[in-house]
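Okay, here's what each chain looks like letter by letter:
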Amino acid sequence: MKKRVLITGANGFIGSALVEEALRHDYEVWAGVRASSSLERLPKEKIRTIDLKYNDPEALPVQIATHVQQYGAWDYVIHNAGLTKTNRPSDFFLVNAEYTRRLLTALSQPGCQPRKFLLMSSLSTYAGGDRKTLAPIRLDDPQKPETFYGKSKLMAENHVRQQDFLSYVILRPTGVYGPGDKDYLMEIESIRSGFDLTVGMTPQHITFIYVKDLAEVAFQVLENANIRNREYFVADGDVYTDTQFARLIQDVVQKKRVFRARIPMWLAYLVCLCSEWLGRLTGKAKTLNTDKYKILKQRNWICDSEPLRNELGFRPKYNLRKGLEETIGK
């Protein structure tokens, strides 16, 4: 009998990669998606879907108990669903934190408990590393997120840690990129057009993980019986400055001439503020906002991924150049 996995947020950028990896492992895949969501990223004929009733804390346990009676319990649950941008900060805490708590409560029912629960969290649950020493962020560093997004993901982590009925793993990926990602696409298209506008007068040090490598890590930690109640940063192990990243994109897209300029922080904040106001006026949340600015201003997003390498033996299949070539279609 095939193992069953529930992947929430399955129709998104990371979620669709998780679905692809689950099918590669021959799982019976249940995609947690809203009924109104587009499934264009997903192989609909190979998966089953469920619209989880997060917004009704009384109905969700009934829904999951009924599902288990009909189809059986999931062996693993990957809670990847979440909100990354919104015009209302309170939505972060509802969707990212409270919905996680409600899902855990529903899964705590007898017969409904999976073997392991994986929370897809974020490096944003930390405030960034020391900008002078450029020391990597370590797992035992204090978690003091500066953004509403990071604070909401930390609350979700705490809900997972505080329960005692199932084994869990918390993954905190760094910058995730790959085909279908919209955030890094903005920079790729800008450089393709001949412009590289970098935030801050001093270099930002950044790390990455290709989305397929992240999906592979997720199933490695789920299937490894020795990894229980653990937390990891997920990165490919290399460090780049924002300038090196931009030049690599330029090389991959084969753009000979690019105009480069560094935008001072005050101007970057003004751009984010105006973008946020525009989002409120139009009712559509923008990628650039004052919450995102707090991430842009941090100069050190280096994280210590050695625990993942040492405990799991993880070695990424994609370095940044190879990942960008596949992302861009080279």
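Residue numbering note: each chain is counted from 1, following its sequence as written. At least 70 in pLDDT is required for a residue's local features to be given in this predicted model, at least 80 for side-chain atom pairs to be given and counted, and no such filter applies to totals for whole chains, interfaces and linings, which use all residues. Only hydrogens and water are set aside; all other atoms, that is, all heavy atoms of the structure, feed into the side-chain values.

Colleague: Help me understand the nonpolar core, please; the structure alone is not making it clear to me.
Modeller: General note: in soluble globular proteins, nonpolar side chains tend to be found buried as a group. By convention a nonpolar core is built from buried Ala, Val, Leu, Ile, Met, Phe, Trp, Tyr and Cys residues, the set being connected through side-chain atoms within 4.5 Å. For each residue, the accessible area found with a 1.4 Å probe, counting protein chains only, is set against the maximum for its type, and the residue is called buried under 20%, exposed over 50%, and partly exposed in between. Membership of the largest hydrophobic core comes to 37 residues, with the highest contact counts inside it found for V5, I7, L18, L171, F219 and V221. For the purposes of this entry, the term helix denotes a DSSP run of H or I that reaches at least four residues, the term strand denotes a run of E that reaches at least two, and both are numbered from the N terminus. Among the elements that make up this core, the one with the highest residue count is helix α6 (residues 211–223) (8 residues). Those residues in contact with V5 that lie beyond four places of it in its chain are A22, Y27, E28, V29, W30, W74, Y76, I78 and F219. Counting 24 residues, the second largest nonpolar core, distinct from the first, contains I64, V77, L104 and A156. When checking whether two residues touch, look at their non-hydrogen atoms; a contact exists if any pair is within 4.5 Å.

Colleague: Would you mind going over the pattern of salt bridges with me for this structure?
Modeller: Any Lys or Arg side-chain nitrogen found within 4 Å of a carboxyl oxygen on Asp or Glu counts as a salt bridge. Within this structure, the stated rule accounts for 23 salt bridges. One salt bridge connects R138 with D304, and the closest N-O pair in it is separated by 3.7 Å. Linking R138 in the loop between β5 (116–120) and α4 (148–162) with D304 in the loop between α9 (290–297) and α10 (306–312), this pair joins segments that are 166 residues apart in sequence. Relative accessible area serves as the criterion here: at 17%, D304 is assigned to the buried category. Close ionic contact of R321 with D251 constitutes a salt bridge, the shortest N to O distance being 2.7 Å. Here R321 is found in helix α11 (residues 320–328), whereas its partner D251 is found in helix α7 (residues 242–253), with 70 residues between them in sequence.

Colleague: Would you take a moment to explain the pairing of β5 for this structure?
Modeller: Successive side chains on a regular strand alternate, one facing one side of the sheet and the next facing the other. In terms of burial, β5 is largely enclosed, as 5 of its 5 residues are buried. Residues of β5 alternate between two faces, with K116, L118 and M120 on one and F117 and L119 on the opposite face, all of them buried. Strands were regarded as paired on the criterion that DSSP finds at least two bridges between them. Note that strand β4 (residues 76–79) and β5 share 4 bridges and pair parallel. Bridging from a neighbouring strand, I78 pairs with L118 of β5. Read as a crossover between parallel neighbours, the route from β4 over helix α3 (residues 89–107) to β5 is right-handed. Relative to strand β6 (residues 167–173), β5 runs parallel, the two sharing 5 bridges. Following the sheet pairing, F117 is matched in β6 by Y168. Handedness of a crossover: with both strands directed away from the viewer, a clockwise path from the first strand across the helix to the second marks it as right-handed.

Bear in mind that shape data such as this cannot, by itself, settle questions of function.
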